[in-house]
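Now for the letters of each chain:
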Amino acid sequence: MMDRSEAARRVLRDNDRGGYTVPTDRLYPFQWNWDSAFVAMGFATFDTGRAWSEIAWLLRGQWEDGLVPQIVFHAPSDDYFPGPEVWGIRRDPPTSGITQPPVLATAAHRVLAADATEAGEARMAAIYPRLRDSHRWWAAARDPAGTGLVATLHPWETGMDNSPAWDRALDRVPVTTRTEIRRRDTSHVDPAFRPRAIDYQRFIHLVEVFRDAGWEPGRMLAASPFRVADVGTNAILLRAEQDLLELAARFGTPAEAAEIAARIARMEAALESLWDEGRGCYLPRDLISGESIPFRGSAGFLPLFAGQARHAAALAGTLEGWGKSVRALVPSTDPGDALFEPLRYWRGPIWAVVNWMVAEGFRRCGQEAMAGRVAGDTRGLIAAEGFSEYFDPLTGQGIGGGTFSWTAAIWLLLGGGEA
């Protein structure tokens, strides 16, 4: 019988489309930004050449201003909405016009560590300027005032599309009246596991706003009725900046290293401003109202991934409390929240990629017991249920799409053990 690690490698190979990987067959038939970063790290555990290819194919979609889009449409497919025709962006290859949490520099840093050869150094040297430009895009396009917190303009950019964190901000967003919604996801997966119809109507309205703004970052920032400082995005970017700084010391210039270090200093201070002592968690902020969003989700633990250790013990205590209500950690929404839905996408289910970052963060910040618990729960879920898109925190059931690439990658990154 095939062991679990070999099965994980098989998932990555089966979802390979000739140099890039789809998240899973049919449900997500294109290349997604942060999915591919995790996939590259997974490939690096057994095939570094294929890991570099994953990154290179994603960067084929990078824009001249440095944007690394959320989706690169390398090949046509009718299995996903919205496709290139809704975005209306004339590029080769076609892409979406928004982004996702910037895991890429962290992934490249890890792939290089697995491929410490002349060939690996050469491949890193070739992509370093692209990573540098991506981080400059984040600073210029999403934090032009230099506050240290970047804005996300669409729930899809947070990676946590329908999180309850965005409910109130989305209430400001009208539903589309211009674009026919032709969802494909609910024909592949039970609608109870997916975002609601009204969520999609608002998601597509935002795409229309940005399309009307000509995809120009300044106009998009000014026009968007949805503008938040997401804890997850900011924490992931801070970690990526730290990894980029190490790469700059080897592949960049002293001036570039100084530029990155200055951004890191601003971001470290700004991220701490999102801490809420009473709730024992980092909270997102609505950048239109200026108010903190009173929502505790799995993203609230990700500052640890960036080494923000000041509140590590308090965060371990918060997560210990959550663990009394669920079979496994880490649910994407506080299980004590009235908005917790254990089966619906980012409103409750456990996601292996977030768990990996949370476990890495607790370990980095000296909370070994909680790091081990989160990693162990993640391995246990995958061992029992396979490479599901996400998992029910109350029962452990695997739900969403099956044979999911980034779940397979996380099994390999966790060392898996054989099952």
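Going by the structure above, here's the rest.
For the structure given in this document, a descriptive report is provided here. Worth saying up front: this structure is predicted, and the values here are computed from it rather than measured. (Residues numbered from 1 in each chain as written. Predicted model: local features only at pLDDT ≥ 70, side-chain atom pairs only at ≥ 80, totals over all residues. Heavy atoms only, no water.)

### Examining the environment of His 74
Heads up, the rule is: The helix count covers DSSP runs of H or I at least four residues long, the strand count covers runs of E at least two residues long, and both are numbered beginning at the N terminus. For the purposes of these results, a polar contact is taken to be a pair of N or O atoms within 3.5 Å, where, inside protein, one atom must be able to donate a hydrogen and its partner to accept one; residues adjacent in sequence count only when each atom of the pair is a side-chain atom.
With respect to the element layout, His 74 can be found in the loop between strand S2 (71-72) and helix H4 (84-87). Spatially, the C-alpha atom of His 74 lies 34 Å from that of Asp 286, the residues being 212 residues apart in sequence. Of note is the side chain of His 74, whose polar atom sits 2.7 Å from the side chain of Gln 31.

### Quick word on the packing of helix H6 (residues 118-142) against helix H13 (residues 254-272)
Short version of the rule: Angles run from 0 to 180 degrees between N-to-C directions of axes, and those axes are lines fitted to C-alpha atoms, restricted for helices to the stretch in contact. Throughout this description, any angle smaller than 35 degrees is read as roughly parallel, any larger than 145 degrees as roughly antiparallel, any in the 65 to 115 degree range as roughly perpendicular, and the remainder as oblique. Put simply, a crossing is left-handed when the front helix is turned counterclockwise from the back one by less than a right angle, and right-handed when it is turned clockwise. By definition in these notes, contact holds between two residues if any of their heavy atoms fall within 4.5 Å.
One way to put it is that H6 packs onto H13 with a least axis distance of 12 Å and a crossing angle of 40 degrees. Considering the angle they form, H6 stands oblique to H13. Considering how the two elements wind past one another, H6 and H13 form a crossing that is left-handed. Only Glu 256, Glu 259, Ile 260 and Arg 263 of H13 make contact with H6, whose side of the interface consists of Tyr 128, Arg 132, His 135, Arg 136 and Ala 139.

### A look at the pattern of salt bridges
What counts is decided by this rule: Throughout this description, the term salt bridge denotes a Lys or Arg side-chain nitrogen within 4 Å of a carboxyl oxygen of Asp or Glu. For every residue, the accessible area (1.4 Å probe, protein chains only) is compared with the maximum for its type, and the residue is labelled buried under 20%, exposed over 50%, or partly exposed between those bounds.
Counted according to the given criterion, the structure contains 25 salt bridges. Arg 363 is the partner of Glu 368 in a salt bridge, and the nearest nitrogen-oxygen pair spans 3.5 Å. The class of Arg 363 is partly exposed, set by a relative accessible area of 36%. Connected via shared salt-bridge partners are Arg 136, Glu 241, Glu 259 and Arg 263.

### Considerations on the packing of aromatic side chains
Each aromatic ring pair is described using two quantities: the centre-to-centre distance and the angle formed by the ring planes. Formally: Each aromatic pair joins two rings of Phe, Tyr and Trp (for Trp, the six-membered one) with centres within 6.5 Å, and gets the label stacked for planes under 30 degrees apart, edge-to-face for over 60, and tilted for any other angle.
One pass over the structure, following the stated rule, counts 32 aromatic pairs. Ring centres of Phe 38 and Trp 356 lie 6.2 Å apart, and the angle between their planes is 90 degrees; on these two criteria the pair is classed as edge-to-face. Of this pair, Phe 38 sits in helix H2 (residues 33-43) while Trp 356 is found in helix H15 (residues 352-364), placing the two residues 318 residues apart along the sequence. The exposure classification of Phe 38 matches that of Trp 356, with both residues buried. With a centroid separation of 5.8 Å and 40 degrees between ring planes, the pair formed by Trp 87 and Trp 215 is classed as tilted.

### Points about helix H12 (residues 231-251)
Inclusion rule: Given the number of residues in a helix, its expected span is that number minus one, multiplied by 1.5 Å.
Here H12 contains 21 residues, and its C-alpha end-to-end distance of 29 Å stays within 8% of the 30 Å for a straight helix at 1.5 Å per residue. Along H12, 17 of the 21 residues are buried, which leaves the element largely enclosed by surrounding structure. The residue sitting at the N-terminus of H12 and contributing the capping side-chain oxygen is Asp 230; that oxygen lies 3.3 Å from the backbone nitrogen of Gly 232.

### With respect to the nonpolar core
Put simply, the rule is: Side-chain atoms within 4.5 Å are what join buried Ala, Val, Leu, Ile, Met, Phe, Trp, Tyr and Cys residues into a set we call a nonpolar core.
In terms of nonpolar packing, the biggest core is built from 141 residues, with Phe 38, Met 124, Leu 319 and Phe 362 touching the most fellow members. Here the element with the most residues in this core is H12; it accounts for ten residues.

### Section: the environment of Trp 156
Inspection of the secondary structure assignment puts Trp 156 in helix H7 (residues 155-158). For Trp 156, a relative accessible area of 3% puts it in the buried group. The spatial distance from the C-alpha of Trp 156 to the C-alpha of Arg 26 is 19 Å, given a sequence separation of 130 residues.

### Examining helix H1 (residues 4-14)
The condition that has to hold: Think of the arc as the fan of directions from the helix axis to the C-beta atoms.
Those residues of H1 that fall on the buried side of the exposure criterion are Arg 4, Ser 5, Ala 7, Ala 8, Val 11 and Leu 12. For H1, the arc enclosing every buried residue in end-on projection is 160 degrees, short of the 170-degree limit, so these residues lie on one face. In this structure, the buried side of H1 is in contact with H2, helix H16 (368-385) and helix H17 (405-413). The N-cap of H1, judged by a side-chain oxygen 3.0 Å from the amide nitrogen of Ser 5 a few residues on, is Asp 3.

### Side note on the packing of H2 against helix H5 (residues 104-114)
So the rule is basically this: Amino acid classes used here: Ala, Val, Leu, Ile, Met, Phe, Trp, Tyr, Cys and Pro are nonpolar; Asp, Glu, Lys and Arg are charged; the rest, including Gly, are polar.
Packing of H2 against H5 leaves a shortest axis separation of 9 Å and a crossing angle of 10 degrees. As the angle between them shows, H2 and H5 are arranged roughly parallel. Judged by residue contacts, Ala 37, Ala 40 and Met 41 of H2 engage Leu 104, Thr 106, Ala 107, Arg 110 and Val 111 from H5. Taken together, the residues of the contact of H2 with H5 sort by class into six nonpolar, one polar and one charged.

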